[in-house]
Amino acid sequence: MMNRSYKFALALTAWAALSALPSQAQTVLKIGHVLAKGSHYDVGANVFCDSLDKNTQGRYKCQVFTGSSLGGEREQIEAVQIGTQDMVITSTGPVGNFVPEIKVVDVPFLFRDYDHARKVLDGKIGQDMLAKFPSHGLVALAWSENGFRHMTNSKRSIVSANDAAGLKMRTMENKVHMEGYRAFGIQPTPMAFPEVFGALQQGVVDGQENPIPVILASKFSQVQKHLSLTGHVYSPALILTSPRIYNKLSDADKKAFLDAATESVKATRKKVNDDEANGIAQLEREGMTVVKQVNGASFRDALKTPYANYAKEFGADRMNAIQAVK
Ligand code: EAX
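S.K.: Please explain helix 7 (residues 175–183) as it appears in this structure.
M.R.: Along an α-helix, residues three or four positions apart point the same way, because every turn accommodates 3.6 residues. Within the sequence span of helix 7, burial applies to Val176, His177, Met178, Gly180 and Tyr181. Those residues of helix 7 that are buried lie in contact with strand 4 (139–153), strand 5 (168–171), strand 6 (187–190), strand 7 (207–211), strand 8 (226–241) and helix 13 (304–314). Looking at where helix 7 begins, the residue whose side-chain oxygen comes 2.9 Å from the main-chain nitrogen of Val176 is Asn174. Within two residues after helix 7, Gly185 carries a phi angle of roughly 95 degrees, on the positive side.

Below is the structure:
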């Protein structure tokens, strides 16, 4: 039978041994995006966090801030740059204002389809662009995905480009998009994403353009009657952090971040595939009138002048190299 003092000595020894163990330093990363819980960005953010937690044995965890709670995409990118936010999953919409070298990806009709876009971005062309971020105070862990953008509006069905003419459409703060949309006869109104639902609801703008996953997650069917599957732009997304965080990581932890980003992108792309397959029927059930076959040639033909300008700005060779990827 152990006497009391022996038990106390035993407990004291155990406590001393345990407290000598290296404490598991834990970092909780603040990651934000502008879409609703359950959206393709949110699926990607949570898969990133779960994978990172597992890959680092709990040393790195995340707190996900959804629904523009940390502001619009431009604001969140700025916050990552200055260090008040650790990560953001964002479309490339405002990114060209921070990293001009990637603006070419926003050219309308540059990408043929999802397979083409994913091959370009995951290949040398896309990976070389990611290498441009650190000199602009950002680290791009991977290309993620927003999707092919389609037009919605409250006025009329859009079949050809001239049906869009005269409509006041919200656009992202993206000059490449705006130049192309002007050529369709649209009045582009650049606006941060958090303001879009309200602007549509109050009729400040007639319409907007976004991928099916965004239209679904943002419940635009409540404020927009018409959807036209124009697919006029492929909208990449990015998983961004800052050199302040990334450069202090060990090689093993850098790999853990990159592997978590790879898992995140797989999950986001799967959610985009699912939303593309099921979302249009859902939006019809929610009351939207959907034009499934648009006159794509009318939109492409309208882009002759912008394309000459894009070639001047980005280099015809660079654009041809992207389009040559099979
Ligand atoms: O990134 O601003 C936009 O229209 C974006 O597509 C949306 O915020 C998702």
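S.K.: Can you walk me through the site of the ligand in this structure?
M.R.: By nearness alone, every residue bordering the ligand is listed as Val34, Tyr41, Glu73, Ser91, Asn146, Arg149, Arg170, Met172, Phe193 and Asn210. Between the ligand and Tyr41 there is a distance of 2.7 Å, counted from an oxygen atom to a side-chain nitrogen or oxygen. In the model, an oxygen atom of the ligand is placed 2.6 Å from a nitrogen or oxygen of the Glu73 side chain. Against a free-state accessible area of 260 Å², the protein chains account for coverage of 99% of the ligand. Its residues placed into classes, the shell around the ligand shows four nonpolar, three polar and three charged.

S.K.: Can you help me understand the packing of aromatic side chains in this one?
M.R.: Note on aromatic pairs: each is described by the distance of the centres and the angle between the planes. Inspection of the entire model under this criterion finds twelve aromatic pairs. Arranged with centres 6.2 Å apart and planes meeting at 70 degrees, the rings of Phe48 and Phe257 form a pair that is edge-to-face. Of this pair, Phe48 sits in helix 2 (residues 40–55) while Phe257 sits in helix 11 (residues 251–285), placing them 209 residues apart in sequence. Across the pair, exposure class does not vary: Phe48 and Phe257 are buried alike. With a centroid separation of 5.7 Å and an interplanar angle of 75 degrees, the aromatic rings of Tyr307 and Tyr310 are classed as edge-to-face.

Conventions we followed
Residues numbered from 1 in each chain as written. Predicted model: local features only at pLDDT ≥ 70, side-chain atom pairs only at ≥ 80, totals over all residues. Heavy atoms only, no water. Buried < 20%, exposed > 50% of the residue type's maximum accessible area, 1.4 Å probe, protein only. Helix = DSSP H or I, 4+ residues; strand = E, 2+ residues; numbered from the N terminus. Contact = heavy atoms within 4.5 Å. Polar contact = N/O pair within 3.5 Å; in protein donor to acceptor, adjacent residues only side chain to side chain. Near = heavy atom within 4 Å. Areas by Shrake-Rupley, 256 points an atom, 1.4 Å probe, with all protein chains shown as cover. Nonpolar A, V, L, I, M, F, W, Y, C, P; charged D, E, K, R; others polar. Phe/Tyr/Trp six-rings, centres within 6.5 Å; stacked < 30°, edge-to-face > 60°.

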